[in-house]
Amino acid sequence: MNKILSLILLLTLLSACKKQETLEEIEARAGQTAMEYYKLLIEGKYDDFVAGTADSDSLPADYRSQLSDNAAMFVKQQTDEHRGIKEISLSRCHADTATMTAEAFLDIVYMDSVKEVVCVPLVMQNNIWRMK
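Residues numbered from 1 in each chain as written. Predicted model: local features only at pLDDT ≥ 70, side-chain atom pairs only at ≥ 80, totals over all residues. Heavy atoms only, no water.

Q: How should the overall build of the chain be read in this particular structure?
A: Helix and strand counts for the chain stand at four helices and four strands. Starting at the N terminus, the α and β elements of the chain follow one another as α-α-α-α-β-β-β-β. Burial analysis of the chain (132 residues in total) assigns 33% to the buried set. The contacts in the chain between residues at least 6 apart in sequence include a share of 47% that link residues at least 24 apart. Entry remark: accessible area of the chain is about 8,700 Å², with carbon and sulfur atoms responsible for 56%. (Helix = DSSP H or I, 4+ residues; strand = E, 2+ residues; numbered from the N terminus. Buried < 20%, exposed > 50% of the residue type's maximum accessible area, 1.4 Å probe, protein only. Contact = heavy atoms within 4.5 Å. Areas by Shrake-Rupley, 256 points an atom, 1.4 Å probe, with all protein chains shown as cover.)

Next up, the structure:
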């Protein structure tokens, strides 16, 4: 019995010593992840962009392919309308640690100087931020 109590005490002490991420660190990590996904989109890595979607591993291959095609069409549309995307930066990110969700707000500057703010909803899955 003492061994069990000692083990429980040791585990409690170890978990207390483990550094917890602050809300600011969580938001920074979520926001940076959203930016990385959008950089993949700009670079034409549409399959990788789609892989950043929540539960994308369980999507049928033909549906994943359609999502990749849609991402390519989106980039083409931005190129046709604005001559492409010049820059993406993180404006702000708000996270909810109870539900492990976040909303990253990205500032997009197009080649024709038009600016837009895009909200990227995220959810934590297996310790990885994924787009909803």
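Q: How should the nonpolar core be read in this particular structure?
A: Note that soluble globular proteins tend to have their nonpolar side chains buried in a common cluster. Counting residues in hydrophobic clusters, the biggest one holds 27 residues, and the most contacted among them are Y38, F49, V120 and L122. For this core, the secondary structure elements donating two or more residues are α2 (23-42), α3 (46-51), α4 (61-82), β1 (85-96), β2 (101-110), β3 (115-125) and β4 (128-131). Ranked by the residues each element gives to this core, the list is headed by α2, at eight residues. The contact partners of F49, leaving out residues within four places of it in the chain, are Y37, Y38, L40, L41, A71 and M131. (Core = buried A, V, L, I, M, F, W, Y, C linked by side-chain atoms within 4.5 Å.)

Q: Is there a simple way to explain the packing of aromatic side chains in this structure?
A: When we look at a pair of aromatic rings, we describe it by the centre distance and by the angle of the planes. Scanning the model with the defined rule gives one aromatic pair in all. Ring centres 5.6 Å apart and planes at 90° place the aromatic pair Y38 and F49 in the edge-to-face group. Of this pair, Y38 sits in helix α2 while F49 sits in helix α3, placing them eleven residues apart in sequence. Here Y38 and F49 have matching classes, each one buried. (Phe/Tyr/Trp six-rings, centres within 6.5 Å; stacked < 30°, edge-to-face > 60°.)

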